[in-house]
Amino acid sequence: MGEAPVEQERKSRTFYGRRQGRPLRKQATDLMENLLPSLTLLLELGEEKNSYAPFNPAEQFGNGNPVWLEIGFGGGEHLAYQAEHNPDVNIIGVEPFINGVASLLKHLDANGARNVRIHQADVRQVLPAMTKGSLERVFLLFPDPWHKTRHNKRRLLQVETLDHFARLLKPGGELRMATDDMGYLRWMLERAVPHPAFEWQASGPSDWDRRTPDWPQTRYEEKGVEKGRKPGYLRFLRKA
Ligand SMILES: C[S@@+](CC[C@H](N)C(=O)[O-])C[C@H]1O[C@@H](n2cnc3c(N)ncnc32)[C@H](O)[C@@H]1O
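Only a predicted model underlies this, so the values are computations on that prediction, with no experimental measurement involved.

Participant: Would you mind showing me how to read helix H2 (residues 26-34) here?
Facilitator: Helical periodicity: at 3.6 residues per turn, an α-helix aligns residues three or four positions apart in one direction. Residues of H2 that are buried: Ala28, Leu31 and Met32. Here the buried residues of H2 occupy an arc of 100 degrees about the axis, which is enough to place them on one side. In H2, the exposed positions that point more than 90 degrees away from the buried face belong to Lys26, Glu33 and Asn34. In this structure, the buried side of H2 is in contact with helix H3 (36-39) and helix H5 (98-111).

So, in structure tokens, the structure goes:
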């Protein structure tokens, strides 16, 4: 007998994205050498292959401020905006693509925000190592859609990912997700709405088609809108 879909989802862990694109320019290389070291998340390797030792995100910042996590921040404009507009919050960004890390550094260099720690990796290696109840907000914005049915298992949002978010978010904490792929939007809702730890913050049937005012547009989103795609925005609260 075949495995239940949820069990198949729990097992798919191979990384399929890009880690390097065009070579970095001089300014980006300088920022990687001079700014990144002070903003790097300090992690120790774990005992298992491709794992990290357990860590408490708050200890990476040396203050008692809430910690938010942005997964796959791409060009980093959303993360840099949130860091600049929420100076009393600490933000961890995890992104495997080196050009994305360099782009985030450029934004942080420009806006001066330093309440950020960056880790260049597959987030699925990082989530299990974080302390339970250590996050107040998680952003998963426009994750790679993997439209073809046979590639759906590569999607970052799986039931297992939601289980991690449920463990990591404090009660009342928020999970924000967005996508402009209607199939992925349905997929997100099908998994997150019935999840016992989350409550969808939809105040009406068309609630998913607008961002809250504290939610700036990402570059990927902007390019999609220019091509006629329609993004969906989802907010879930971690139940007590
Ligand atoms: C379509 S882009 C969207 C980027 C950004 N969130 C935005 O809206 O502009 C998806 C991003 O997720 C990153 N990504 C893919 N797999 C990931 C993983 N396993 N862990 C963390 N980030 C990942 C990709 O490198 C890419 O930057």
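Participant: Explanation requested: the pattern of salt bridges in the structure shown.
Facilitator: Oppositely charged side chains can form a pair if their charged atoms are brought close together. According to the stated counting rule, one finds 13 salt bridges in the structure shown. Across the pair Arg229 and Asp180 runs a salt bridge whose closest N-O atoms are separated by 3.1 Å. Note that Arg229 is positioned in the loop between helix H9 (219-226) and strand S7 (232-238) and Asp180 in the loop between strand S5 (169-179) and helix H8 (182-192), a separation of 49 residues in sequence. Relative accessible area serves as the criterion here: at 34%, Arg229 is assigned to the partly exposed category. One network of salt bridges, in which partners are shared, links Arg137, Glu174, Arg176, Asp214 and Arg235.

Participant: Looking at this structure, I do not really get the packing of aromatic side chains. What am I missing?
Facilitator: By convention here, two paired aromatic rings are described through the distance between centres and the angle between planes. By the definition in use, this model includes 5 aromatic pairs. Aromatic side chains Phe142 and Tyr220 sit 5.9 Å apart centroid to centroid with 45 degrees between the ring planes, which places their arrangement in the tilted category. Here Phe142 is found in the loop between strand S4 (135-141) and helix H7 (159-168), whereas its partner Tyr220 is found in helix H9, with 78 residues between them in sequence. Overall, the relative accessible area of 7% leaves Phe142 in the buried class. Ring geometry for Phe198 and Phe236: centres 6.5 Å apart, planes at 80 degrees, overall edge-to-face. On the criterion of sequence distance, the pair formed by Phe198 in strand S6 (residues 198-200) and Phe236 in strand S7 is long-range, its members being 38 residues apart.

Participant: Sorry, what's going on with the nonpolar core here?
Facilitator: Within the largest apolar cluster, 35 residues are counted, with the highest numbers of intra-cluster contacts made by Leu69, Met130, Leu157, Phe165, Leu175, Met177 and Phe198. Listing elements by their share of this core, those giving two or more residues are strand S1 (67-71), strand S2 (90-94), helix H6 (123-126), S4, H7, S5, H8 and S7. Of the residues forming this core, the biggest block, 5 residues, is contributed by H8. With 28 residues, the next largest nonpolar core counts Trp68, Ala83, Val89 and Phe142 among its residues.

Participant: Whenever I open this one, the pairing of strand S3 (residues 116-119) confuses me. Can you help?
Facilitator: The side chains of a regular strand alternate, residue by residue, between the two faces of the sheet. Burial along S3 is two-sided: Val116 and Ile118 and Arg117 and His119, pointing in opposite directions, are all buried. Inspection of the sheet shows S2 paired to S3 by 4 bridges, in the parallel sense. Within S3, the position partnered with Ile91 by the bridge is Val116. Chirality of the crossover, the property in question, places the unit of S2, H5 and S3 among those that are right-handed.

About the thresholds
- Residues numbered from 1 in each chain as written.
- Predicted model: local features only at pLDDT ≥ 70, side-chain atom pairs only at ≥ 80, totals over all residues.
- Heavy atoms only, no water.
- Buried < 20%, exposed > 50% of the residue type's maximum accessible area, 1.4 Å probe, protein only.
- Helix = DSSP H or I, 4+ residues; strand = E, 2+ residues; numbered from the N terminus.
- Arc of directions from axis to C-beta.
- Contact = heavy atoms within 4.5 Å.
- Salt bridge = Lys/Arg side-chain N within 4 Å of Asp/Glu carboxyl O.
- Phe/Tyr/Trp six-rings, centres within 6.5 Å; stacked < 30°, edge-to-face > 60°.
- Core = buried A, V, L, I, M, F, W, Y, C linked by side-chain atoms within 4.5 Å.
- Pairing = 2+ DSSP bridges.
- Right-handed = clockwise from strand over helix to strand, strands pointing away.

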